[in-house]
Amino acid sequence: MKRELQAAAIAVLASLAVGSVLMLVVGVSPVRVWGTMVERTFTDEYNLGQMLFAATSLALCGLAVALALEAGLFNIGAEGQLAAGVLACSTLGAALPAGTPAPIAIPVCLAAAAGAGGLVAGGVGLLKATRGAHEVISSIMLNFVVAGVSLWLGNELLFVGGATTGAPIAPGAELPHLGLGGSSVNAALAITLAAAAAVWWLRDRTTWGEAWRAVGRDPAAARSAGISVERVQVLAMTASGALAGLAAANLVMGYKHAFEDGLGRNTGFLGISAALLGRSHPAGVIIAALLLGFLQAGGLAVAELVPKELTEMLQGVVVLAVAASVPFVARARARAPKEAA
Amino acid sequence: MTRALAIEAEVTKRYGARTVLAGATLAVRRGTVHALVGENGAGKSTLVKVIAGIVRGDGGTLGLGDRVIPAGDWDRVRARAARIGIVQQHGASAGTLSVVENAVLGAEPVRAGLLALDGVAAALRAQGRAIGMDVDPHARVETLSLGAAQRAEIVAALHAGADILILDEPTAVLAPVEVEGMLAMLRDLAARGVTIVIVTHKLDEVRAVADDVTVLREGRTVATFSRRPTAAASGDPLGDRPEGFSAASGPLDPAAIARAMVGAELPQPTLLPEPPATAPAMLELADVTVGTALTRATLRVRRGEVVGVAGVDGNGQRELALAIAGLVPATGAVAIGGAAAAGTSPARRLALGLAHIPEDRHRGGLLLDATIAANLALGRRDVTGRFVVDRAAVAKHAAARIVELDIRPADPAAVVRGLSGGNQQKVVVGRELSRPRLRAVVACQPTRGVDLGAVARIHDRLRAVAVAGAGVLVISADLDELLALCHRIVVLLRGAIAGEVGGDALRAPGARAALGALMTGATAA
Amino acid sequence: MSRDRIFGLGAAVAVVALTFALEPKLARGVLSLAFVQATLVTAVPYVLAALGGAITERAGVIDLALEAKLLFGAFAAAAVAYATDSAYLGVAGGALAGMAIAALQLGCALRLGADQVIVGVALNLLALGGTRFLLQALFGEGANSPPCPGFGDAILANPIVWIAVLASIGVPIAVARTRWGLRLRAAGDRPDALVAVGVARRPRPRFAAGSPAARSPARAARSCRCRSTASSPTCRRAAATSCSR
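Quick caveat, the model's predicted, so the values are computed rather than measured. (Residues numbered from 1 in each chain as written. Chains lettered and ligands numbered in written order. Predicted model: local features only at pLDDT ≥ 70, side-chain atom pairs only at ≥ 80, totals over all residues. Heavy atoms only, no water.)

(A) Spatial organisation of helix α6 (residues 116–139) of chain C. Between its terminal C-alpha atoms α6 of chain C stretches 33 Å, which fits the 34 Å expected from 24 residues at 1.5 Å a residue. One or two steps after α6 of chain C, the chain reaches G140 of chain C, where phi turns positive at roughly 70 degrees. (Helix = DSSP H or I, 4+ residues; strand = E, 2+ residues; numbered from the N terminus. Expected span 1.5 Å × (residues − 1).)

Quick look at the structure:
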């Protein structure tokens, strides 16, 4: 644990340094930018809310990728599963009678979002389990298929009034906002925390989790010990896709309240970073999502000081720095006792 | 002056906090076959890897001919230049490359920018023929059997011009007949002036081939033996021992070597009484066929019976075990505890009372990066509970297995990768043989690459489950193991059961010869 | 041909047929000469990027950062071509940028010991923001660079197409038949085999990563450049993005 924290500290310092150099290059004072970024994010309710809003989607996608990773599957298709969730959630939400009460509308729309994501990813798992198709290839290809279908359906059926936005969902399906200065953060945050806890419980306390991790570590050993590798692959991918699909709840039910083409674009890819940064542990993923969310929201909050492209770039720098600093710290510690002796 | 010693080494090596070699010494006379023996984890492999420059020593010196080099400065490039060849235990060939491509790696002949391999291929073929080891230079290594891949490496090492040839457990993957050929070849090479160091823990081989023997235990040299007792007295090649070096030395005597290896006498195995002929069948195979690898295997193991399957590696043993466990598609009938199991999933077969110890613990036996406790409970819903893991039960199960098999370290939270081979194998055996309501056991190479102490523990467990009422099938390349355990032994040859030796014939002096003949197809059963 | 292949091919044909049935316009478009030309030009970046990926794959390096190399390569190609007014120098610039990203990747993965997959994903993120940042910093616009010189529309006169053709012949020969290729494959399969013969000192894919991995991004970068300068008169970042996918 201490090692992870040390690594995180080094990574943050390294990212600060790289970011500062870039700011100097474009001719602004790094001290001012960083100070303003922290100040505006953590003292301004709106910015704090926007950070949490961004972190919500990232955490769900991160959990999705992390869960599949535990089963030895690289779900690079969280992007497409999220898009499928958006499509299903918003279409069904709009189809519900306007008077549908929240206790019915919300579970229905959540189920649609999770179900659509799970269906797409479950298909990937099924192809892997039955035909041996590599999940990276099939899930990345499905990203394009879902994006294409989404836009096509939008053009043919969903978009209203010449815009790229569909009809609004039933008011009962809207997730309540948490206030926070009129920001977009909403009750999906609570759903996300519950999902993280559930993933942790499944992973560390149940035979499902043990089977997933056994398959992830060594499918041959798992099979030989009587675990059905195929079933695990399908289940893990489905669960992973359902989590990614749930991110649509945050975007559709908590924010846009309608179908929109490209809603949440790149969130699935950033979710991969959140999973890797969080080292596949649910708590780690949440922290990583908060960090990436801070860079997103904070970057926008200081947009008049530095171009927002700079903070976009910093997200990559942070992930790179964490990746590089973990083994660095591990090595330094391995060396230390020898020098003392 | 030409020194009589080809190698004179004294090496210390640590991995983290663990000291693998604590000033282990090795003195090898030029042109002799020198056996380096010891239990698993004694440091044999590490010592030869340091000498061959594959692993860097932390301290000590290497004397090679007239030169003395600090062990920390030695590396593979210099070792190659000193004409030291090594054939490692698990091979060092790249599987996707051909034999000849592996052989030229590092010194590739090139013509007009492109590889010119034909000359080397022909030379390899000739070299192989000269020492009775046929190799196909253009075969991809991964398509070869383990034995053939190893032969290719030996031929390549000799082709590269090794003066000192180090072989780490070269006979582990060979059949008895092949072992004889290999040992004869080593003697022949030594007679031609090549210095041979062979790492092994099979005392038969030591007796058959070695001029001198060095015994390692826990990273130290504890004893040396020589076929020529005069050598120690006159030339004293093993003299000049560093301070505190207290290895005993004496003539080559297998019993004394075994004592030095384990530090104690080995208990004599006790044979189990044969079950009555009326005992019900616990494992029954009828016409089981797996592709072309196994054809129409028919076999019956009764309650309380231990049946051995002998054969040269690659004659269908692996497929037989996998077919019983349901891990490969097979035709024919399989019954476990009297219940038909053909076509069912591995999980279903385990539920019927099957236990399967896979051939290779590193491929399908263990989760190397998980703990001992997790591996012992892998797939064991009877221990973990159906959905929510009963952590107290898992801990209790682990503690019981650790005591039962003397797994070291005795720490359920220890990661399996860090364990010695013998202890890793004990974990697999512990998990499989502790299944409830055991009806049939398939143990595939249950003690391959395992030290003597662990072998005894594992054999005890196999006998215990037979006594408790299971039918046990032991598939092993080690005839000694089968003779010590089994009531009868069937022989697989080219995927078919070639014959059987059982009852009094198995205890008769000619049993070994009879089995050997069946294994090579010299007689019809 | 195996049953699986037939099944797969049949499924693909069915999907295409269905698409054409739904959108007859598409079917007519496919039969035109312009479409064939466009196909060839579009294929070039895929060919180059795939060859680069194949080389690193054989060396045991998972190159998830191809995307980053394409993006930075496209940017560098456009910027250099714009600054020097030479499409050829643009090609060189793109290749160099790809190699620079590879150097960064190798530094992190091999010198610092970072996970290859994470480094790849991080570099892609970095490239996504980084190219926009650089466009913004240099040209004051985050989406497109100003128009820069290209090779025109004639495919056969386009050097990049020829580079792609030569590379698709040369790379397999180099991998299968040269010393470099042999060591590359050995490194990818059993790094310790290279240690055992004294080529490398430590069992890690350092040797492999040195030259070959640095070359793949170079190819990737060129490929991207070709798309952005040769086929379209304006070096559009959007084009760069699409060609990398």
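(B) Summary view of the pattern of salt bridges. Residue and element names in this part refer to chain B. Evaluated as defined, the whole model comprises 35 salt bridges over all chains. Its salt-bridge partner being R318, residue E319 comes within 3.8 Å of it at the nearest N-O pair. Of the residues examined, E319 reaches a relative accessible area of 17% and is grouped as buried. Judged by its relative accessible area of 43%, R318 falls in the partly exposed class. Across the pair D460 and R463 runs a salt bridge, and its minimum N-O distance is 3.4 Å. In this pair, D460 and R463 both sit in helix α16 (residues 452–467), three residues apart, roughly one turn of the helix. (Salt bridge = Lys/Arg side-chain N within 4 Å of Asp/Glu carboxyl O. Buried < 20%, exposed > 50% of the residue type's maximum accessible area, 1.4 Å probe, protein only.)

(C) Layout of the sheet that holds strand β14 (residues 281–290) of chain B. Residue and element names in this part refer to chain B. The strand order β15-β14-β17-β18 describes an open sheet built from four strands, whose pairing is antiparallel. The open sheet has two edge strands with one neighbour each: β15 (294–302) and β18 (339–340). The sheet contact formed by β14 and β15 spans six bridges and is antiparallel. Bridge pairing in β15 links E284 to R300. The sheet strands contacting helix α10 (residues 317–325) are β14, β15 and β17 (331–336), and the helix crosses β14 at an angle near 115 degrees. (Pairing = 2+ DSSP bridges. Contact = heavy atoms within 4.5 Å. Axes fitted to C-alpha atoms, helices over the stretch in contact; angles between N-to-C directions.)

(D) Inspection of the interface of chain A and chain C at higher detail. The interface is formed by 26 residues belonging to chain A together with 27 residues belonging to chain C. Contact with chain C buries surface across chain A, with E309, M313 and L320 of chain A losing the most and accounting together for 25% of the total. At the junction of chain A and chain C, the tally comes to one salt bridge. Of the charged contacts, one joins E312 of chain A and R132 of chain C as a salt bridge, the two residues approaching to 3.6 Å between their closest N and O atoms. Connecting chain A to chain C are zero residue pairs in polar contact (both at pLDDT 80 or more). If you list the elements that add at least two residues to the side of chain A that touches chain C, you get α6 (135–158), α11 (267–277) and α13 (308–340) of chain A. (Buried area = accessible area lost by both parts, 1.4 Å probe. Polar contact = N/O pair within 3.5 Å; in protein donor to acceptor, adjacent residues only side chain to side chain.)

(E) Summary view of a nonpolar patch on the surface. A contiguous nonpolar surface patch, about 510 Å² in accessible area, is contributed by W200, W201, W208 and L235 of chain A together with F387 and V388 of chain B. With respect to the element layout, W208 of chain A can be found in helix α8 (residues 207–217). Assessed through its relative accessible area of 35%, W208 of chain A is described here as partly exposed. (Patch = residues over 30% accessible without salt bridge, like charges linked within 9 Å, V, L, I, M, F, W, Y side chains within 5 Å. Areas by Shrake-Rupley, 256 points an atom, 1.4 Å probe, with all protein chains shown as cover.)

(F) Local environment of the side chain of E135 of chain A. Residues and elements named next belong to chain A. For E135, the location among the structural elements is in helix α6. Here F74 takes part through its backbone nitrogen, which lies 2.9 Å from a polar atom of the side chain of E135. Excluding its chain neighbours within four sequence positions, the residues that come into contact with E135 are G72, L73, F74, V124, K128 and I140.

(G) Geometry of the domain arrangement of chain C. Taken domain by domain, chain C consists of domain 1 (1–31), domain 2 (37–177) and domain 3 (183–244). Distance between the C-alpha centres of domain 1 of chain C and domain 2 of chain C: 31 Å. (Domains from an automatic or database assignment.)

(H) Fine view of the packing of aromatic side chains. Applying the stated rule across the entire model yields seven aromatic pairs over all chains. On the numbers, 6.2 Å between centres and 45 degrees between planes, the contact of W208 of chain A with W212 of chain A is tilted. Of this pair, W208 of chain A and W212 of chain A are both found in helix α8, four residues apart, which corresponds to roughly one turn of the helix. The class of W212 of chain A is buried, set by a relative accessible area of 6%. When the ring of Y82 of chain C is compared with that of F139 of chain C, the centres are 5.4 Å apart and the planes differ by 90 degrees; the resulting orientation is edge-to-face. With a gap of 57 residues between them, Y82 of chain C in helix α4 (residues 66–84) and F139 of chain C in helix α6 connect regions that are remote in the sequence. Classification of Y82 of chain C as partly exposed rests on a relative accessible area of 41%. The exposure class of F139 of chain C is partly exposed, given its relative accessible area of 24%. Joined through ring pairs, the aromatic side chains of W201, W208 and W212 of chain A together with F387 of chain B make up one cluster. (Phe/Tyr/Trp six-rings, centres within 6.5 Å; stacked < 30°, edge-to-face > 60°.)

(I) View of the pairing of strand β6 (residues 84–87) of chain B. Residue and element names in this part refer to chain B. Here β6 shows a buried face lined by I84 and I86 and a second buried face lined by G85 and V87. The pairing of β6 with strand β9 (residues 164–168) spans four bridges and is parallel. Counterpart to I86 in the pairing with β9 is I166.

(J) Local environment of the state of the cysteines. Applying the stated criterion to the full structure yields zero disulfides over all chains. C89 of chain A supplies the cysteine sulfur nearest to C109 of chain A, a cysteine that is in no disulfide, at a spacing of 4.8 Å. (Disulfide = S-S within 2.5 Å.)

(K) Highlighting the sheet that holds strand β22 (residues 488–493) of chain B. Residue and element names in this part refer to chain B. Taken together, six strands build an open sheet; the order of strands is β19-β20-β21-β16-β22-β23 and the sheet is mixed. Of all the strands in the sheet, just β19 (354–357) and β23 (496–502) have a single pairing partner and so form its edges. On average, each strand axis in the sheet is inclined to that of its neighbour by 15 degrees, with strand direction left out of account. With six bridges joining them, β22 and β23 adopt antiparallel strand pairing.

(L) Quick peek at the nonpolar core. Within the largest apolar cluster, 126 residues are counted, with the highest numbers of intra-cluster contacts made by I227, L243 and M253 of chain A together with L123 of chain C. Residue contributions to this core peak at 14 residues, all from helix α3 (residues 45–70) of chain A. Each residue touching I227 of chain A, except ones within four places of it in the same chain, is listed here: A211, A214, V215, A222 and V232 of chain A together with L378 and G379 of chain B. Formed by 57 residues, the second largest nonpolar core is a distinct cluster that contains A94, I154, A157 and V179 of chain B. (Core = buried A, V, L, I, M, F, W, Y, C linked by side-chain atoms within 4.5 Å.)

(M) Representation of the interface of chain B and chain C within the structure. Contacts between the two partners involve 24 residues from chain B and, on the opposite side, 19 residues from chain C. For the pair chain B and chain C, the summed buried surface comes to about 1900 Å²; carbon and sulfur atoms form 55% of the total. On inspection of chain B and its partner chain C, the count reaches three salt bridges. Salt-bridge contacts for E108 of chain B lead to R183 of chain C; the nearest nitrogen and oxygen are separated by 2.7 Å. For the pair chain B and chain C, the interface holds six residue pairs in polar contact (both at pLDDT 80 or more). Residue assignment for the side of chain B that touches chain C shows that the elements contributing at least two residues are α2 (76–81), α3 (99–104) and β8 (114–115) of chain B. Per-element tally for the side of chain B that touches chain C: the top contributor is α2 of chain B, with three residues.

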